[in-house]
Amino acid sequence: MRMIRRNFVATAVAATATLAAGAAFAQAKEVKVGYALAVNSHYGAAANAWSEALDKGTNGAYKFKQFPSSALGGERELIEGLQLGTVEAAIVSTGALSNFVPDVGVVDIPFLFRDTQHARAVMDGAFGQELLAKFSKRGLVALAWGEQGFRHLTNNKHAVHTVADLKGLKIRVTENPVHITAFRTLGASPTPMSWPEVIGALQQGTIDGQENPISVLTSAKLWQVQKHLTLTAHVYAPMALLVSPAFWGTLNASQKAAFTEGAKKGAIASRAFVDAVEKKGVEEAKANGMQVVEKVDQAPFRAALEPAYKEYAKKFGQKTLDTITATR
Ligand code: PAF
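Read on for a plain summary of the structure. Because the structure is predicted, anything quoted here is derived from the model rather than measured. (Residues numbered from 1 in each chain as written. Predicted model: local features only at pLDDT ≥ 70, side-chain atom pairs only at ≥ 80, totals over all residues. Heavy atoms only, no water.)

1. Some words on the overall build of the protein
- In terms of helices and strands, the protein carries 13 helices and 9 strands.
- Seen along its three principal axes, the alpha-carbon backbone of the protein occupies a region of about 90 × 45 × 35 Å.
- Considering the protein as a whole, with its 328 residues, one finds that 53% of them fall into the buried category.
- Residue pairs at least 24 apart in sequence account for 74% of intrachain contacts in the protein once pairs closer than 6 positions are excluded.
- In the structure as shown, the protein presents an accessible area of about 15,000 Å², 56% of it carried by carbon and sulfur atoms. (Helix = DSSP H or I, 4+ residues; strand = E, 2+ residues; numbered from the N terminus. Buried < 20%, exposed > 50% of the residue type's maximum accessible area, 1.4 Å probe, protein only. Contact = heavy atoms within 4.5 Å. Areas by Shrake-Rupley, 256 points an atom, 1.4 Å probe, with all protein chains shown as cover.)

2. Some words on the site of the ligand
- Lining the immediate surroundings of the ligand are Ala36, Tyr43, Glu75, Ser93, Gln148, Arg151, Arg172, Thr174, Trp195, Asn212 and Val216.
- Between an oxygen atom of the ligand and a side-chain N or O atom of Glu75, the distance comes to 2.8 Å.
- At a separation of 2.7 Å, an oxygen atom of the ligand approaches a polar side-chain atom of Asn212.
- Coverage of the ligand by the protein amounts to 98% of the 290 Å² it exposes when considered alone. (Near = heavy atom within 4 Å. Polar contact = N/O pair within 3.5 Å; in protein donor to acceptor, adjacent residues only side chain to side chain.)

3. Focus: the pattern of salt bridges
- Inspection of the entire model under this criterion finds 11 salt bridges.
- For the salt bridge of Lys63 with Asp55, the shortest nitrogen-to-oxygen distance reads 2.9 Å.
- Under the relative-accessibility criterion, Lys63 is labelled partly exposed at 31%.
- Among the residues examined, Asp55 registers a relative accessible area of 33% and is labelled partly exposed.
- One salt bridge connects Arg120 with Glu147, and the closest N-O pair in it is separated by 2.6 Å. (Salt bridge = Lys/Arg side-chain N within 4 Å of Asp/Glu carboxyl O.)

Here it is in structure tokens:
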């Protein structure tokens, strides 16, 4: 009799636990998060860490459904989706962002950041945090700055060592006025294009090259469509972890805190991914047949960009540029 009662109690406890888990699962709200690259990229690393932290921080009340590899469209469409409220969350580069939040364009200025440490200090410091706050006036909620690394140049025509080697090269750039000005000033022929079109355009030869960090080069296996890599490190590329204002408005304070903390964890994960991939990515590119120009004298590139720097100073204010440069 006692045995039967014990079995009954055990079964009841198990059933209650299953029901509770089922209820929690049923209540979990799905959050669509989109990004441009595959899951095994710095974007995927950020999304996974964000998702995990969110799961813990909200006791499973919110679950990310990931849409990697531009499944929800290019970055411009993703950002528009956030503004419209059709996408809840996204992780994007600054490529298309300055068309929505013009002040962001300042971080896209070539050779503005001395190195990764400088870039991270700026993005994590007062300047970067104030920049995040500016998104709200533009119909976006920005929670953290992650990272892609420094952008380098790839192409199919010839090895690029000098500014002169860029002459006439058709380089795909992001839909970003600062990048377009830079490549035009350097004598290349910049072709703004959304990322989902880039691999096809490189295959068909409608463009000669593109520029992106090692993290993108390896995750997109750009050696399949590009012969030459030059480590120009011409622009630092942050990534922004964003949420739709419509969705944000549905969250209470502690849920908002969980999303924000999760985004910060995502940002840290993207930087750790970039640190690791930067160490081995160039070797991987060589092993896959890319010709790599490793040493580039940046001084002539900066000198050639002088007219562009004048334009940038007018656009963003010399004071802003000096604040960034002075950050240690
Ligand atoms: O070059 C771009 O558009 C971006 O760096 C990419 C590859 C979409 C990653 O955000």
